[in-house]
Amino acid sequence: MGGKATRQSFGEAVAALAETNPNIVVMDADLGKSTMTGTFQKKFPERYFEFGIAEQNMISTAAGMAMGGKVPFAASFACFLVNRFETVRMSVSYSNTNVKLVGTHAGVGIGEDGNSQMGLEDIALLRPLPNFTILQPADDLEARQAVAWSAEHKGPVYLRLTRQKLEDLHGADYKFRVGKGDVLKAAKGTADVTIFATGGVVYNALKAVEELEKEGLAVNLVNIHTLKPLDKELILSLAGSSKMILTIEDHNIVGGLGSAVSETVAEAGFPVKVRRHGVEGFGESGSPAELYEKFGFSPSKIKELIKTLVKK
Amino acid sequence: MQQVAKSMKASQAAMDLQVEEVKRLRDIAKELRIWIIRMLAEAGSGHPGGSLSAIDILTVLYFHSLRHRPLEPDWAVRDRFILSKGHGVPALYAVLAKSGYFPINDLLTLRKTGSILQGHPVAGTVPGVEASTGSLGQGLSIAQGLAMASKMDGDTYRVFCMIGDGESQEGQIWETAMSAPKFGLDNLIVFLDYNKGQIDGHTRDIMNLEPIKDKWEAFNWDVQEIDGHDIPKIISAIERTRNIKGKPHMIIAHTVKGKGVSFMEDNIDWHGKAPTKEEAERAIDELKRSSGE
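About the thresholds
- Residues numbered from 1 in each chain as written.
- Chains lettered and ligands numbered in written order.
- Predicted model: local features only at pLDDT ≥ 70, side-chain atom pairs only at ≥ 80, totals over all residues.
- Heavy atoms only, no water.
- Helix = DSSP H or I, 4+ residues; strand = E, 2+ residues; numbered from the N terminus.
- Rg over C-alpha atoms; globule rule 2.2 N^0.38 Å.
- Buried < 20%, exposed > 50% of the residue type's maximum accessible area, 1.4 Å probe, protein only.
- Contact = heavy atoms within 4.5 Å.
- Areas by Shrake-Rupley, 256 points an atom, 1.4 Å probe, with all protein chains shown as cover.
- Pairing = 2+ DSSP bridges.
- Axes fitted to C-alpha atoms, helices over the stretch in contact; angles between N-to-C directions.
- Core = buried A, V, L, I, M, F, W, Y, C linked by side-chain atoms within 4.5 Å.
- Domains from an automatic or database assignment.
- Expected span 1.5 Å × (residues − 1).
- Buried area = accessible area lost by both parts, 1.4 Å probe.
- Salt bridge = Lys/Arg side-chain N within 4 Å of Asp/Glu carboxyl O.
- Arc of directions from axis to C-beta.
- Patch = residues over 30% accessible without salt bridge, like charges linked within 9 Å, V, L, I, M, F, W, Y side chains within 5 Å.
- Lys, Arg positive; Asp, Glu negative; His and termini not counted.
- Charge placed at Lys NZ, Arg CZ, Asp CG, Glu CD.
- Polar contact = N/O pair within 3.5 Å; in protein donor to acceptor, adjacent residues only side chain to side chain.
- pLDDT = per-residue confidence, 0-100.

Undergrad: Which parts of the structure should I look at to understand the overall build of chain A?
TA: Within chain A one finds 13 helices and 14 strands. Computed over the C-alpha atoms, the radius of gyration of chain A is 19 Å, within 12% of the 20 Å expected from 2.2 N^0.38 for a compact globule of 312 residues. Its C-alpha atoms put chain A at 60 × 40 × 40 Å along the principal axes. Taking all 312 residues of chain A together, the buried fraction comes to 62%. Taking the intrachain contacts of chain A between residues at least 6 apart in sequence as the baseline, contacts between residues at least 24 apart amount to 78%. When the accessible surface of chain A is summed, it comes to about 11600 Å², and 51% of that surface belongs to carbon and sulfur atoms.

Undergrad: Would you take a moment to explain the side chain of His229(B) for this structure?
TA: With respect to the helices, strands and loops of the structure, His229(B) is situated in the loop between β6 (222-227) and α8 (231-241). Under the relative-accessibility criterion, His229(B) is labelled buried at 12%.

Undergrad: Just checking my understanding: could you explain the sheet that holds strand β11 (residues 219-223) of chain A for this structure?
TA: What holds strands together in a sheet is hydrogen bonding between their backbones, with the strands either parallel or antiparallel. Residue and element names in this part refer to chain A. Read from one edge of the open sheet, five strands run β9-β11-β10-β13-β14, paired in mixed fashion. Two strands in the sheet have a free side with no partner beyond their single neighbour: β9 (182-185) and β14 (273-279). The mean angle between the axes of side-by-side strands here comes to 25°, regardless of whether they run parallel or antiparallel. The sheet contact formed by β9 and β11 spans three bridges and is antiparallel. Opposite Lys185, over in β11, you have Leu221 as the bridge partner.

Undergrad: Just checking my understanding: could you explain the nonpolar core for this structure?
TA: Nonpolar side chains in soluble globular proteins generally cluster together in the buried interior. One finds Leu101(A), Phe196(A), Ile163(B), Leu188(B), Trp216(B), Trp221(B) and Met250(B) to be the most contacted residues of the largest nonpolar core, which totals 70 residues. With seven residues, helix α4 (residues 138-152) of chain B is the single largest residue contributor to this core. The residue makeup of this core includes at least three contributed by each of domain 1 (4-166) and domain 2 (182-311) of chain A. If sequence neighbours within four positions are ignored, Ile163(B) has contacts with Ser84(B), Lys85(B), Leu140(B), Ser168(B), Ile173(B), Val190(B), Phe191(B), Leu192(B), Asp193(B), Trp216(B) and Met250(B). Ranked by size, the runner-up nonpolar core spans 59 residues in total, among them Leu25(B), Val129(B), Phe160(B) and Val261(B).

Undergrad: Is there a simple way to explain helix α4 (residues 55-67) of chain A in this structure?
TA: Residue and element names in this part refer to chain A. Spanning 13 residues, α4 covers 19 Å between terminal C-alpha atoms, matching the ideal 18 Å at 1.5 Å per step. Buried residues dominate α4, accounting for eleven of its 13 residues. Those residues of α4 that sit buried are Glu55, Asn57, Met58, Ile59, Ser60, Thr61, Ala62, Ala63, Gly64, Met65 and Ala66. At the C-terminal side of α4, Gly69 shows a positive phi close to 95°.

Undergrad: Would you mind showing me how to read the interface of chain A and chain B here?
TA: Interfaces are often described in size by the accessible area the parts lose on coming together. Of the residues lining the interface, 23 residues belong to chain A; the matching set on chain B comes to 25 residues. Buried area between chain A and chain B, both sides added, is near 1900 Å², and the carbon and sulfur share of it is 58%. At the boundary of chain A with chain B, the tally comes to one salt bridge. Notably, a salt bridge pairs Asp153(B) with Lys70(A), separated by 2.6 Å at the nearest N-O pair. Within the residue set of the side of chain A that touches chain B, elements represented by two or more residues are β3 (48-50), α4 and α6 (85-94) of chain A.

Undergrad: Would you take a moment to explain the sheet that holds strand β6 (residues 133-135) of chain A for this structure?
TA: Residues and elements named next belong to chain A. Taken in spatial order, the seven strands make up an open sheet running β3-β2-β4-β5-β7-β6-β12, and their pairing is mixed. The two strands at the open ends of the sheet, each matched to only one other strand, are β3 and β12 (226-228). The sheet shows a mean angle of 20° between the axes of neighbouring strands, direction not considered. Relative to strand β4 (residues 71-77), strand β2 (residues 24-28) runs parallel, the two being bridged by five bridges. Following the sheet pairing, Val26 is matched in β4 by Phe73. Across the sheet, helix α8 (residues 140-152) touches β2, β4, β5 (100-104), β6 and β7 (157-160), and the angle it forms with β7 is around 165°.

Undergrad: Can you walk me through the environment of Ile195(A) in this structure?
TA: Residue and element names in this part refer to chain A. When you line up the elements, Ile195 lands in strand β10 (residues 193-198). Separated by ten residues in sequence, Ile195 and Ala205 place their C-alpha atoms 8.3 Å apart. Discounting chain neighbours no more than four positions away, the residues touching Ile195 are Val209, Val219, Asn220, Leu221, Val222, Leu246, Ile248 and Ile306.

Undergrad: Explain helix α10 (residues 232-239) of chain A to me, please; I cannot follow it from the model alone.
TA: One full turn of an α-helix is made of 3.6 residues, so residues set three or four places apart face in the same direction. Residue and element names in this part refer to chain A. Here α10 has its buried residues at Leu234, Ile235, Leu238 and Ala239. Here the buried residues of α10 occupy an arc of 130° about the axis, which is enough to place them on one side. Buried residues belonging to α10 abut β9, β10, β11, β13 (244-252) and α11 (257-268).

Undergrad: It is not clear to me how a negative patch on the surface should be interpreted in this structure. Could you clarify?
TA: Negative charge collects at one region of the surface, where Glu112(A), Asp113(A), Glu290(A), Glu293(A) and Glu304(A) lie side by side. Tracing the backbone through its elements, the reader meets Glu293(A) in helix α12 (residues 288-294).

Undergrad: Would you take a moment to explain the side chain of Ser168(B) for this structure?
TA: Residue and element names in this part refer to chain B. For Ser168, the position within the fold is in the loop between β2 (159-164) and α5 (171-182). Its relative accessible area of 3% is what places Ser168 among the buried residues. There is a polar contact of 2.8 Å between the side chain of Ser168 and the backbone oxygen of Gly164.

Undergrad: What is the right way to read the confidence of the model for chain B from this model?
TA: As a general rule, the predicted coordinates of low-pLDDT regions are not to be interpreted in detail. The share of residues in chain B with pLDDT of 70 or more is 99%, and the mean pLDDT across the chain is 95. The ipTM value of the predicted complex is 0.95, and its pTM value is 0.96.

Structural data, given as structure tokens:
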């Protein structure tokens, strides 16, 4: 396994950006060793703030900092951060403060620590909140560019990042474009299936699709790094030329990418079947690789799922 | 001899000035109490109890202590005030309007559809309102964040905040109680509007805060305890905070819920109920006849 965890990409990117942007500050709630803010801490101790295990305080304080002209990146595990929902709703969304929430340890991909440490409902919680941009990069390069975009953008941003390493998906010339789906595979003519995937599962979906292409399947594969605002235009254009749609996310199947795509397609009146693939219920402990098998996110399981769906 | 006489004369002049200033502030607070009653009666809902308990402190802040420019609400180095107990917003709207942030007659649009004067504070729409509050416990952390930003920019402004006693039951208040001393925020001055009441009853029965002074001292804050309706005491408590370095400041202000209107005072029913037109008339009549002391 090569690649890099997107939390690591964040840690490196925010430290680099802070060299030229003196307003960037970083906050942790006793998980700095896991959110990978160590480089920033060493380089900019006067701009680093440790709150201890008090996420609500960190989030509202970040809002105050933003009102005072700073660009705060407040980091913790996705579940501990976003599940302080009322604080996020009032201090960040409603107040439209320039706060960057960095939720690491997304999904069952974290492995052994188990369900209590897994961010599995964070996208569902944040999608209804006005003013938020929700980003989930799928590899190192995309993560760095997403962090850079967040630092420049005025307004609340949520960055959903992985604990586990992600293989590189993109070449060095890749340009992250917020709000625009990143088409990794484009079928010629009508697709047997169009796949919208996000985050840590995108690479595995690509591996599965590459094999299926050899078997003669026509597949569109789109990396949805921006969950809000959603690239509705692209989704609808592909929905019109696909026999079915599959969404894949390491997140609860309710409220995340699958829901967002379903809402979009249904409202536009497309008579196309949408299959949401994600986590149903809670996660559990296990090695990341075994959990990805068990929850159906490994390349072979994704391939299997697609074959079953296409046959029907 | 001559020198002594001169300094006595000077201190007499200072005292006269102080007396004059206190009278000016009392008159403003009295006028704003009437506005609070008027706007709540007009709105038909809202929180008179905690607005009337807070108004003397807010009057001192906006008409004596805060460095601010009502015609330049975004002035970068203005002192900030965050009303963490957002339901007391009629008091905040009253001082802002009287200061000139917006026309005073706009107060009568409180809580009406389409009005900028929402039932709880919203930043960005009302000139002078710094933070959106009303979900209790968050405003103090927001004030802390502003105080930290000010420190990073060379301590260019101070941050004032008011929390409620019922609000002090929120866990987030104590998260900030723990963190503000760690960050050495001596530019953060917090008032506890200790009016002893909340929606469901007296705080002592709902969830007792005592010993509240010991709690804040134990969290390593600089703590003062004052009568929150005594204008000279409010002024001097704020002035005293300048001399205490390295710690955030908590001013526990003992207040009376519904202060100034006899039938509202310390009556829990008036936490979140607007007066009828007739009750408002009685209240305003009483306020007009009072000395304001």
